[in-house]
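Remarks on the overall topology
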2 protein chains.
Amino acid sequence: MNKLFVMGMGPGDLGLVAPNATKALAVCSDWVAYGYYLDLLGELSAGKTFHDLPLGEEIGRARLALDLAAQGKNTALISSGDIGIYAMATLVFELLDMQLQGKENHPEWLGVDIEVIPGISAMQAGASRVGAMLGHDFCTISLSDLLTPWETIDKRLHACGAGDFVVSFYNPVSKKRDWQLNHARDVLLQYRPASTPVMIGRQLTRPEEEITFTTLGELDAKDVDMFTMVSVGNSDTKHIVNGEKHWMYTPRGYSKKL
Amino acid sequence: MNKLFVMGMGPGDLGLVAPNATKALAVCSDWVAYGYYLDLLGELSAGKTFHDLPLGEEIGRARLALDLAAQGKNTALISSGDIGIYAMATLVFELLDMQLQGKENHPEWLGVDIEVIPGISAMQAGASRVGAMLGHDFCTISLSDLLTPWETIDKRLHACGAGDFVVSFYNPVSKKRDWQLNHARDVLLQYRPASTPVMIGRQLTRPEEEITFTTLGELDAKDVDMFTMVSVGNSDTKHIVNGEKHWMYTPRGYSKKL
């Protein structure tokens, strides 16, 4: 009763969805998500009530999920990837916080029993498909300046460069945003070589998956779309070729001991 | 044949293990892991040959896994969390790289069919248990200077501070390392307030789980052990209290639209 599961369904392959998430879906009468993810979950969805709000209506989805749970319906708020990473989970707590501050008028939300279930994020799917890109210290940066001032993003790009972190770019481009990724590349080129390995992973773990092994110098926003994860190695990341098989990995430093 | 699955089993709760990982375990005759993780997998392990090498013998485990697979045995190299994040996956590719460079004498390794399966990492388990700490740009830093020079770690701590990233500390302390976490705290205090929310999560998702909600100013290595994940918020991260329930979340900036 009054249960809200906030859950990430991973990058696309249902074989990467946590059993805890699948179990939670089964006990929920109402699923709230962007339609594309509902499609992915096809076989699990018989008999459920869908609330399919379009991209861009994130706040509406979070409100609806809290409302449904407050009405006593077991509810699942669903995203791809890990819902805690650049996704809807934080918005649920932002709304709860507004209510606690008296800036919303939904005291019933405070009685909702919230449980967050993590999922495999796109950076992990990409890193595993190419080998082990996240083998050492890394960061993530969203290149979307819809909600974050560009100055903040730019500051983080420079910090990433100065710290020599492996970096995964979320929201690298969109129909309306095409210059940020090339700017990010140019910032990183101030700190690491043009030969630094870069993975471009499109539709990761899905039937239409395409993976491109390239370099920081060759990275170009024209090769990237909204379904793409871009991960840039640090100054130690290696691109190796074994016959027809390519791999990228970031060493932790064991070679000193080998 | 000659298949090596390199897989992460998540933080501990078997309900967070990807079905792809469970399926791969079933088709492997030989499992290579540190014993603690083999124990976690109890019910899945009937009829398997275990190769239980102790902590500290990471290189031996990676070599053994490559050797077994090269001998034609379907083999699973297993770690907790995501094996691609500060774990064994990168070491497999480091060994393969050494062979490709002619610095090893195991040409049979080049015929091994390697597949990496990602898992839920401790930072994700922690973030989800307290709400949504990883809701915006974040980084991870290992505080172990066994393989990484301390100067590199210190540089990354400053970069993390300058970039105002949420940060998760892997390997925060060990029996022999007790000062690094307090040093990391002191570096971050140069960049963000002492009131910054901090999560200390011990034995996350396991029966003995303990979660402490504290602040950067109060963070102390004496409260942390080898089974603990420490995540420090950015300057926007909030700690909210709803009755007896505590949450921490890092907003993406939707509040401007609320």
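Residues numbered from 1 in each chain as written. Chains lettered and ligands numbered in written order. Predicted model: local features only at pLDDT ≥ 70, side-chain atom pairs only at ≥ 80, totals over all residues. Heavy atoms only, no water.

Mapping chain B onto chain A leaves a residual RMSD of 0.0 Å; the transformation is a rotation of 180° accompanied by 0.0 Å of translation along its axis. Both copies of the chain, as the preceding transformation shows, are related through a two-fold rotation axis. The position closest to the rotation axis in chain B is occupied by the C-alpha of C139 of chain B, lying 1.9 Å away. (Least-squares fit on C-alpha atoms with pLDDT ≥ 70 in both.)

With that settled, the discussion passes to the packing of aromatic side chains. What the rule picks out here adds up to 8 aromatic pairs over all chains. Residues F93 of chain A and W247 of chain B carry aromatic rings whose centres are separated by 4.6 Å and whose planes lie at 45° to one another, so their mutual orientation is tilted. Taken together, the positions of F93 of chain A in helix α4 (residues 89-100) and W247 of chain B in strand β13 (residues 245-249) put the pair across two chains. Geometrically, the ring pair formed by Y86 of chain B and Y170 of chain B is tilted, given 4.9 Å between the ring centres and 40° between the ring planes. One end of the pair, Y86 of chain B, is in the loop between β4 (75-79) and α4 (89-100); the other, Y170 of chain B, is in strand β8 (residues 166-170), and 84 residues separate them in sequence. For the pair Y86 of chain B and Y170 of chain B, one class covers both residues: buried. For R156 of chain B, the ring lying beneath its charged end belongs to F165 of chain A, and the centroid distance is 5.9 Å. (Phe/Tyr/Trp six-rings, centres within 6.5 Å; stacked < 30°, edge-to-face > 60°. Helix = DSSP H or I, 4+ residues; strand = E, 2+ residues; numbered from the N terminus. Buried < 20%, exposed > 50% of the residue type's maximum accessible area, 1.4 Å probe, protein only. Lys NZ or Arg CZ within 6 Å of the ring centre and 35° of its normal.)

Let's shift gears to the interface of chain B and chain A. Across the contact, 74 residues belong to chain B and 74 residues belong to chain A. Across the chain B/chain A interface, buried area totals approximately 7000 Å², and carbon plus sulfur atoms make up 60% of it. Where R156 of chain B meets D164 of chain A, a salt bridge forms, and the shortest distance between an N and an O atom there is 3.9 Å. The tally of links between chain B and chain A comes to 33 residue pairs in polar contact (both at pLDDT 80 or more). (Contact = heavy atoms within 4.5 Å. Buried area = accessible area lost by both parts, 1.4 Å probe. Salt bridge = Lys/Arg side-chain N within 4 Å of Asp/Glu carboxyl O. Polar contact = N/O pair within 3.5 Å; in protein donor to acceptor, adjacent residues only side chain to side chain.)

This next bit is on the sheet that holds strand β13 (residues 245-249) of chain A. A sheet is described by the order of its strands in space; here 3 strands give the open sequence β6-β13-β12 (chain A), paired in mixed fashion. The sheet is open, and its two borders are formed by β6 (131-132) and β12 (238-242) of chain A, each paired with just one other strand. Bridging between β6 of chain A and β13 of chain A involves 2 bridges; their strand directions are parallel. Within β13 of chain A, the residue paired with A132 of chain A across the bridge is Y249 of chain A. In this fold α4 of chain B packs onto β6, β12 and β13 of chain A, with an angle of close to 60° to the strand it touches most, β12 of chain A. (Pairing = 2+ DSSP bridges. Axes fitted to C-alpha atoms, helices over the stretch in contact; angles between N-to-C directions.)

Attention now goes to the packing of helix α3 (residues 58-70) of chain A against α4 of chain A. All names here are of chain A. The geometry of α3 relative to α4 is characterised by a closest axis approach of 9 Å and an angle of 65° between their N-to-C directions. Relative to α4, the element α3 lies roughly perpendicular. Remark: the crossing between α3 and α4 carries right-handed chirality. Facing α3, whose interface residues are E58, I59, A62, R63 and L66, α4 presents L91, V92 and L95. Looking at side-chain class alone, the contact of α3 with α4 contains 6 nonpolar, no polar and 2 charged residues. (Parallel < 35°, antiparallel > 145°, perpendicular 65-115°, else oblique. Left-handed = near helix turned anticlockwise from the far one by under 90°. Nonpolar A, V, L, I, M, F, W, Y, C, P; charged D, E, K, R; others polar.)

Before going further, it helps to examine the sheet that holds strand β1 (residues 3-8) of chain B. Residues and elements named next belong to chain B. Ordered in space as β3-β2-β4-β1-β5, the 5 strands form an open sheet in which the pairing is parallel. Edge positions in the open sheet fall to β3 (49-52) and β5 (113-117), since each of these has one partner strand only. Averaged over all adjacent pairs, the angle separating strand axes in this sheet is 20°, with direction ignored. Here strand β2 (residues 30-33) runs beside β4; their pairing, made up of 3 bridges, is parallel. Bridge assignment links D30 to a residue of β4, and that residue is T75. Packed onto the sheet, helix α1 (residues 19-27) meets β1, β2, β4 and β5 and runs at close to 140° relative to β1.

Right, let's get into the nonpolar core. Ranked by size, the top nonpolar core spans 48 residues in total, and within it I141 and F169 of chain A together with I141 and F169 of chain B carry the most contacts. Not counting chain neighbours up to four residues away, the residues in contact with F169 of chain A comprise I141, L143, L157, L181, A184, L188, M229, V230 and V232 of chain A. (Core = buried A, V, L, I, M, F, W, Y, C linked by side-chain atoms within 4.5 Å.)

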